[in-house]
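Secondary and tertiary structure notes
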Amino acid sequence: MTAVLLGTGIPVRAAAPNAPEGATPAGAATQRPISGSVHSWDLSTGVDGPGTRFVTFLAGCPLACLYCHNPDTMRMRSGKRYAADNIVAEAAKYTTFIRAAGGGATISGGEPLLQPVFAGELFHRFKHELGLHTALDTSGFLGARATDALLRDVDLVLLDIKSWDPATYQQVTGRELAPTLDFARRLADLGKEVHLRFVLVPGLTDDPANIEGVAAFAASLGVVSRVDVLPFHKLGESKWEALGKNFTLHDTPSPGPDQVAAARDLFTAHGLYAI
């Protein structure tokens, strides 16, 4: 679903260009509130983790996925600076409703791990101040930036594995596959629950051998409790056009029900719950 900015918040002045994220300037009496670049926030049900969730969409992403349905989140400068206080205060308005609906808080993007200090602060406060179940929606490419402390405050990881074939992964994202697989193995070592996401794109990621590779890897982790096989769609094409970008998958069809079912069967054959 398209995210809609619900609140206004109070923008916080960004740190000096060369200062580490969340750092305190030399000689400052008190630490500047941790802030980050936020595209928007929204309430969603069923697509960003279990139950109804408060979803914070951070701006900026190191990948350039051909089918990205939120290309307006790719650049960090496309977001607006907010202090963590503002986001937590906004989420607090909905906690009673969220808990009643068996939900929680999800940080998505963009790519949350492009801003690990800000994301970590939000996760910690969502979990310990608001008592919410927490989920990280990530490609895993920047998984090395997630500290163990950050991951301790994450209950669930929504992990996108775009392709098993490295060449196809490079074609789809413009990046390498290995960092995502390394992060997935680390999550397994930590016993962190994972919902795996795989986008089925006809002529690009739908080769049975490619799907089989993702399925076998997911099954080997022992922490994947659910697989979402997501049919490719072109709902974000108008955003690409508005940004003056070429949507190269314009002529690619969405997969039919039989194609989606066949992909799911490859995951379930490995003992995975796939929907």
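Thresholds applied
- Within each chain, residues carry numbers counting from 1 in the order of the written sequence.
- Reporting in this predicted model follows two pLDDT cut-offs: at least 70 for local features of residues, and 80 or more for side-chain atom pairs to be given and counted; totals over whole chains, interfaces and linings ignore these cut-offs and use all residues.
- Working from all heavy atoms in the structure, the side-chain values ignore hydrogens and water.
- Stacked, tilted and edge-to-face are the three classes assigned to paired rings of Phe, Tyr and Trp, where Trp is represented by its six-membered ring and a pair needs centres within 6.5 Å; plane angles under 30 degrees give stacked, over 60 edge-to-face, the rest tilted.
- Helix and strand labels come from DSSP, where a helix needs a run of H or I of at least four residues and a strand needs a run of E of at least two; each type is numbered from the N terminus.
- Here's how the labels work: a residue is buried when its accessible area is under 20% of the maximum for its type, exposed when over 50%, partly exposed in between, all with a 1.4 Å probe on protein chains only.
- Confidence of the predictor at the level of single residues is captured by pLDDT, which takes values from 0 to 100.
- Any pair of residues with heavy atoms lying within 4.5 Å of one another is described as a contacting pair.
- Whenever Lys or Arg places a side-chain nitrogen within 4 Å of a carboxyl oxygen from Asp or Glu, that contact is recorded as a salt bridge.
- Paired strands are those between which DSSP finds at least two bridges.
- Note on definitions: angles span 0 to 180 degrees between N-to-C directions of axes, and those axes are lines fitted to C-alpha atoms, for helices only across the stretch in contact.
- Two cysteine sulfur atoms form a disulfide, by the criterion used here, when they sit within 2.5 Å.

Okay, the packing of aromatic side chains next. A full pass over the atoms with the stated rule returns 6 aromatic pairs. Centroid distance tryptophan 41 to tyrosine 82: 5.2 Å. Interplanar angle 75°. Geometry classified as edge-to-face. Taken together, the residues span a long stretch of sequence, with tryptophan 41 in strand S1 (residues 35-45) and tyrosine 82 in strand S3 (residues 80-83) at a distance of 41 residues. Note on accessibility: tryptophan 41 and tyrosine 82 belong to one class, buried. Pairing phenylalanine 54 with phenylalanine 126 gives two aromatic rings, centres 6.3 Å apart and planes at 70°, and the pair type is edge-to-face. Remark: phenylalanine 126 occurs in helix H3 (residues 116-128) and phenylalanine 54 occurs in strand S2 (residues 52-58); sequence separation between them is 72 residues. The buried category is assigned to phenylalanine 126, whose relative accessible area is 0%.

Residues with a pLDDT of 70 or more make up 89% of the protein, whose mean pLDDT is 89. Segment residues 1-29 is flagged for pLDDT under 50; beyond a separation of four residues in sequence, or across chains, it makes 52 contacts in the model.

We now examine the pattern of salt bridges. Applying the stated criterion across every chain yields a total of 11 salt bridges. Arginine 185 serves as the salt-bridge partner of aspartate 182, at 3.2 Å between the closest nitrogen and oxygen. Here aspartate 182 and its partner arginine 185 are both found in helix H6 (residues 178-190), 3 residues apart, which amounts to about one turn of the helix. Since its relative accessible area comes to 39%, arginine 185 is described here as partly exposed. Measuring nitrogen to oxygen at the nearest pair gives 2.9 Å for the salt bridge that ties aspartate 228 to arginine 226. Ionic contacts of the salt-bridge type, sharing partners, join the residues Asp85, Glu121, Arg125 and Glu129 into one network.

If you walk across this open sheet you meet the 8 strands as S3-S1-S2-S4-S5-S6-S7-S8, and the pairing is mixed. Edge positions in the sheet fall to S3 and strand S8 (224-231), since each of these pairs with one other strand and no more. Averaged over all pairs of adjacent strands, the angle between strand axes in this sheet comes to 30°, irrespective of strand direction. Sheet strands in contact with helix H1 (residues 84-92) are S1, S2 and S3, and its direction is about 75° off that of S3. Set on the sheet, H6 makes contact with strand S5 (133-138), strand S6 (156-160) and strand S7 (193-200); between it and S6 the angle comes to about 155°.

This paragraph deals with the state of the cysteines. Here the structure, examined in full by the defined rule, presents 0 disulfides. Free cysteine: cysteine 61, not disulfide-bonded; nearest cysteine sulfur from cysteine 65 at 6.3 Å. Accessibility expressed as a relative area gives 23% for cysteine 61, which makes it partly exposed. Cysteine 65 provides the cysteine sulfur closest to cysteine 68, a residue in no disulfide bond, and the two sulfurs are 6.4 Å apart.

Right, let's get into unusual backbone geometry. The step from glycine 109 to glycine 110 runs through a cis peptide bond, and the omega angle for that step is 5°. Mapped onto the secondary structure, glycine 110 falls in the loop between strand S4 (104-108) and H3.

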